[in-house]
Structure formats: C-alpha cells, structure tokens
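Summary of structural features
Here is how the chains run, residue by residue.
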Amino acid sequence: MGKDIIIVGGGQAAAQAAQSLRAEGFTGPIRIFGDEPHAPYQRPPLSKKFLAKEIGFDRVELKPESFYTDNDIATHWGTRITEIDRKGKRVLTADGQAYDYAKLLLATGSRVREINVPGFEMDGIYYLRNIADVEAIQSHFKEGARLVVVGGGYIGLEVAAVAKKHGMDVTVLEAAERVMARVVDPIVSHFYERVHREEGVKIETGVTVAGFEGESHVTAVDSGEGKLYPADFVVVGIGIIPNTELAVECGLDVQNGIVVDENCRTSDPDIFAAGDCTSHPNGIYGHRLRLESVHNAIEQGKTAAAAMVGEEKPYNQVPWFWSDQYDLKLQIVGLSAGYTQAVVRGDPENGRSFAVFYLKDDTVIAVDAVNRAPEFMMSKQLVHKKATLDPARIADESIKVKEIAQG
Amino acid sequence: MAKITYVEHNGTEHTVDVANGLTVMEGAIKNSIPGIDADCGGACACATCMVYVPKEWQAKMPEKEDMEETMLDFAEASNEDSRLSCQLPVTDELDGLRITMPESQH
C-alpha cells in the first residue's frame with residue numbers, strides 16, 4: 001500500500017498544499033496535476049498589474065520549477081484528470097494513464113460562467129481567468145480601441161480601469177441596476193460608478209446582452225432594445241462556477257461546491273478539497289460558504305495538507321478580498337449578506353476615501369474600506385470577535401479608528 | 001542580487017540569494033521560507049508579510065508610503081522597525097541583509 005498523495009489542480013491551493021505537506025514532514029510521493037501548461041501562479045494580478053503589463057510572468061509565478069524538483073514533487077502540467085476511481089483509489093488522465101493514491105486533494109478551482117447568446121462564439125470575445133486569456137486581451141490593447149465589458153463586477157471593473165489607463169474607449173454593461181450588486185451596499189456601487197465616469201468610462205446599468213453583432217469578429221454588443229454598443233473587442237466577466245464535475249461523477253457529496261468539513265475532508269475520508277471548489281463550514285458566520293478568493297485557497301491548502309498527514313488545523317477564517325481600480329484600493333473584510341444597517345465613515349459622494357460598516361443588529365459582520373487601511377486593519381479584528389458597535393461612533397470621524405469599539 | 005537571511009521567530013535561519021527586481025517578500029515566498037504569508041501577493045493589501053528590519057539597514061530602503069505606514073500601525077506585533085516586505089525591492093545594496101519575522105502574520 002503506497003503513501004502517495006495526489007493533488008488535482010494547479011492553482012494556489014494546490015501549490016500551498018504541496019508546500020505545507022513537506023513543511024508538515026510528509027516524505028512520501030506527491031504528484032500534482034494541473035490542466036494549464038504553467039506551474040501554479042497568482043490569479044489576482046491577472047486583472048490588475050499583469051494585465052497592465054506592469055509585471056511579467058516571473059512575478060506572478062508562485063514558485064520556481066526548482067521548488068518542485070528540490071522537494072521531490074512530481075508535476076504534470078497540462079494534464080487533465082478525467083476520472084476518480086474511488087474503489088481502486090486511483091485517478092485517470094485524459095490520455096488513459098492511471099495513478100494510485102493513498103490520499104487525494106481536489107483543488108480544481110473554478111471556471112468562468114459563459115455567456116450563451118447569439119454570436120457568442122465570434123472572435124474578439126474574451127473571458128479573463130488565466131494567462132492565455134490575458135495575453136489574448138492584451139493583443140487588442142491600443143489607444144482608442146473600443147472595449148465593451150460585459151459585467152460590472154470586480155473583474156469587469158478592474159479590466160475597465162486598466163483599459164482606460166491605456167487610452168481605450170471603454171463601456172461597461174451591467175445587467176443589474178448597479179455595479180458590484182452581489183457584494184456591496186448601493187453606497188459603494190454608486191461610488192464606483194461615479195469614479196469610473198469621472199475617469200471617462202461609460203457605465204450602463206440595467207442593460208442585458210441579447211447578442212453580439214459581426215461577421216466572424218465581433219463589431220458590436222446588442223442590448224436587444226434597439227441599442228448597439230460598437231466594440232473592437234469584448235471582455236465578459238459575469239461570474240465563476242466551481243469545478244465540481246469530477247467530485248460529482250465519483251459520488252462525493254456536492255452542494256454548491258464540494259462539501260467538506262472544517263478540516264477540508266470530503267464525504268470520502270481519503271479525499272480532501274480546498275479552494276474555490278469547496279462548500280465549507282464557517283464558524284464565525286455559523287453557516288456554509290463557497291468563496292472565490294485567494295486567501296481561502298491558501299488557508300484551505302494549509303488545512304487540507306495538515307489533515308492529510310493526520311494533524312488538525314481546522315479552517316476558521318474571516319474572509320477578506322481586495323480590488324485595485326485606478327488610485328482606489330478596496331479592501332473588504334467579511335461577508336455583508338444579511339446586514340440590517342450600513343454605516344458610512346467618510347464621504348463617498350465627493351471624496352475617494354471612505355469605509356462602510358455592515359451591522360447585523362449591533363454586530364459588525366463586514367466592512368468595505370476604500371483607501372482606508374486603518375478601518376480595514378481594525379475591522380479584521382472586530383469582525384473576528386463579532387464586536388458590537390455604536391453606529392454614531394463609526395460615523396464620527398473625530399473618534400479615532402482604534403477607539404470606535406470603545407465607549 | 002543580494003544574499004538575504006530570514007530569521008524565523010523560533011530562531012531558525014534561512015539564507016538565500018534573491019535577484020534584483022524581486023521584493024524581500026518574494027524572496028521568501030519563492031524559497032518557501034516560513035514566517036511570511038503574503039496573502040495578497042504583494043499588492044500592499046493584507047499586511048501579512050511584516051518583518052523587522054535592523055536600524056542600520058533601514059536607510060537603504062525606500063521610505064514607507066502612507067498605505068504601508070497605516071497598515072503597520074494596525075498590524076499586530078508591529079514596532080518601529082517593522083516593514084511590509086512586499087514594499088522592499090531587492091538591490092545590490094541589500095546584500096547581507098538580515099531580517100526577522102513575527103511569530104504569526106494573523
């Protein structure tokens with residue numbers, strides 16, 4: 001009986017788990033299968049500095065090739081796993097090779113949600129998820145080019161900001177009545193709409209896409225209400241879908257993500273999962289979460305590695321996220337779903353620096369901080385300990401951030 | 001290129017060569033040195049790459065910008081020698097640098 005650990009997936013959770021397995025003292029064989037041709041790299045910069053060509057692949061790559069050889073980790077980049085045989089305890093690659101495992105980690109991540117309207121297969125329509133996507137998008141970067149972004153979420157707005165800085169003519173189409181509607185309060189949405197407009201980006205909300213116009217290459221986006229938005233190229237950012245097919249097909253419990261416990265164990269005691277693909281319990285919020293974040297990928301990678309070698313480092317984290325657009329750094333602590341009151345500190349209507357505290361009754365459950373590092377840092381602790389806050393003290397800027405929770 | 005020594009909270013030392021153009025944080029991550037988390041990968045967004053820099057080396061580094069300064073002000077275990085290592089580009093001048101790391105970045 002071998003001790004082999006196999007990791008399916010080549011993203012940040014996979015790389016972290018491999019590193020943590022060796023750090024935990026595991027000396028048996030480790031194999032990683034990733035379907036991209038690259039070793040694991042950071043995804044967050046893809047819609048930020050990497051898209052803007054401010055940094056190259058050497059800066060987004062997580063580990064040099066020597067990390068894998070020095071740590072005796074067998075890598076299979078560009079190799080897709082197509083089946084998990086739980087009875088035989090082995091995985092099968094697309095070309096029919098079989099590899100045995102003692103323990104298996106699914107770090108399969110997520111993929112983009114595709115837009116399925118007439119014309120969607122034309123050239124010049126892109127998604128943004130991996131290096132190849134970015135390179136294709138960059139090939140259209142030239143001053144004056146017309147870019148239509150479909151979807152006003154993080155990805156869409158970050159792409160819009162970078163493209164604008166490169167002198168392009170940018171329009172963002174958002175189906176909801178406001179941008180980032182899924183994750184922030186209207187105060188924050190309206191702030192970002194204002195800033196993008198001030199920077200020269202056209203933001204159109206309440207616009208759904210009925211189809212794409214063009215011969216073989218897209219020339220316009222059709223809203224279906226008689227309005228066409230001319231485009232030299234299009235970037236679609238309308239969300240992601242967890243990659244759970246392998247888990248479903250081998251009979252693991254999957255409900256909006258691969259169901260794991262606080263140690264990243266699935267319904268099979270020898271199979272673990274980490275990162276975007278999991279539905280996991282969160283002790284701070286008291287319910288299950290599926291998160292799309294690098295912090296989650298890293299922390300679950302650590303937890304899963306520990307569990308695979310028989311240690312327990314249960315995952316219990318306050319989620320956090322960030323977004324860079326123009327000179328704005330948005331840092332989000334926690335999840336605001338279910339909030340009863342949003343309290344503003346600062347002036348989102350005129351300035352470019354403020355924070356929104358989300359309270360559920362009197363307890364702070366999340367904070368959005370725009371160019372407000374003190375509020376962000378402080379709220380990491382406040383959300384973790386479920387602090388009760390007085391809205392009047394939050395809004396009063398004469399009270400120092402460190403003293404908000406007092407009084 | 002600079003030879004940098006990273007000292008863990010428990011005293012374990014790691015000395016590695018880090019290429020110019022990378023940051024002190026990236027030198028740790030690429031060499032799998034424990035003690036620096038760097039969740040955000042260097043965007044100055046998370047304050048999980050905090051290190052302590054001896055006074056004599058501080059002058060050879062760029063001054064703190066507002067973002068770094070305020071993040072450090074609120075980071076647990078930070079003191080006047082603290083820097084966010086993602087904000088420290090490696091140059092020949094840093095050859096021989098020795099930094100220490102906190103017990104935890106969270």
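Residues numbered from 1 in each chain as written. Chains lettered and ligands numbered in written order. Predicted model: local features only at pLDDT ≥ 70, side-chain atom pairs only at ≥ 80, totals over all residues. Heavy atoms only, no water.

1. Notes on the nonpolar core
Residues Y192, F233, V364 and L389 of chain A together with Y6, I36 and L97 of chain B are the most contacted members of the largest nonpolar core, which totals 114 residues. For V364 of chain A, the residues in contact, after removing those within four places along its chain, are F357, Y358, L359, L382, V383, A387 and L389 of chain A. Ranked by size, the runner-up nonpolar core spans 27 residues in total, among them A39, A297, A305 and M308 of chain A. (Core = buried A, V, L, I, M, F, W, Y, C linked by side-chain atoms within 4.5 Å. Buried < 20%, exposed > 50% of the residue type's maximum accessible area, 1.4 Å probe, protein only. Contact = heavy atoms within 4.5 Å.)

2. Looking at the interface of chain A and chain B
On the side of chain B, 25 residues touch chain A, which itself brings 28 residues to the contact. A buried area of about 2,100 Å², summed over both sides, lies between chain A and chain B, and 54% of it is on carbon and sulfur atoms. Our enumeration of links across chain A and chain B arrives at three salt bridges. The partner of R59 of chain A in a salt bridge is E26 of chain B, and the shortest N-O contact between them spans 2.9 Å. The interface formed by chain A and chain B includes 10 residue pairs in polar contact (both at pLDDT 80 or more). Elements with a contribution of two residues or more to the side of chain A that touches chain B: α2 (57-60), α8 (294-308), β22 (320-325), β23 (328-334) and α9 (373-384) of chain A. Broken down by element, the residue count for the side of chain A that touches chain B peaks at seven residues, all from α9 of chain A. (Buried area = accessible area lost by both parts, 1.4 Å probe. Salt bridge = Lys/Arg side-chain N within 4 Å of Asp/Glu carboxyl O. Polar contact = N/O pair within 3.5 Å; in protein donor to acceptor, adjacent residues only side chain to side chain. Helix = DSSP H or I, 4+ residues; strand = E, 2+ residues; numbered from the N terminus.)

3. Quick word on the domain arrangement of chain A
Residues and elements named next belong to chain A. We note that the domain assignment places domain 1 (5-111 + 240-308), domain 2 (125-236) and domain 3 (327-403) within chain A. A straight line from the C-alpha centre of domain 2 to that of domain 3 covers 29 Å. On the side of domain 3, 17 residues touch domain 2, which itself brings 14 residues to the contact. For the pairing of domain 2 and domain 3, the buried interface totals around 1,200 Å² over both sides, and the portion due to carbon and sulfur atoms is 59%. E199 serves as the salt-bridge partner of R352, at 3.0 Å between the closest nitrogen and oxygen. Counting every contact that joins domain 2 to domain 3 gives seven residue pairs in polar contact (both at pLDDT 80 or more). The greatest single-element share of the side of domain 2 that touches domain 3, amounting to eight residues, is contributed by helix α6 (residues 186-198). Tallied by class, residues from the side of domain 2 that touches domain 3 come to 10 nonpolar, no polar and four charged. (Domains from an automatic or database assignment. Nonpolar A, V, L, I, M, F, W, Y, C, P; charged D, E, K, R; others polar.)

4. Examining the packing of aromatic side chains
All names here are of chain A. Going through the model one piece at a time under the given rule, you end up with nine aromatic pairs over all chains. Between the aromatic rings of Y41 and F57, the centroid separation amounts to 6.0 Å while the plane-to-plane angle is 65 degrees, which identifies the pairing as edge-to-face. With Y41 in the loop between β2 (30-34) and α2 and F57 in helix α2, this residue pair connects regions lying 16 residues apart in the sequence. Arranged with centres 4.7 Å apart and planes meeting at 65 degrees, the rings of F191 and F354 form a pair that is edge-to-face. With F191 in helix α6 and F354 in strand β25 (residues 354-360), this residue pair connects regions lying 163 residues apart in the sequence. For F354, a relative accessible area of 0% gives the class buried. Here a set of aromatic residues connected by ring pairs shows up, and it is made of F67, Y68 and W77. Directly above the aromatic system of W322 lies the positively charged group of K48, at a separation of 4.9 Å from the ring centroid. The residue whose ring lies beneath K380 is W320, and the NZ or CZ to ring-centre distance is 5.4 Å. (Phe/Tyr/Trp six-rings, centres within 6.5 Å; stacked < 30°, edge-to-face > 60°. Lys NZ or Arg CZ within 6 Å of the ring centre and 35° of its normal.)

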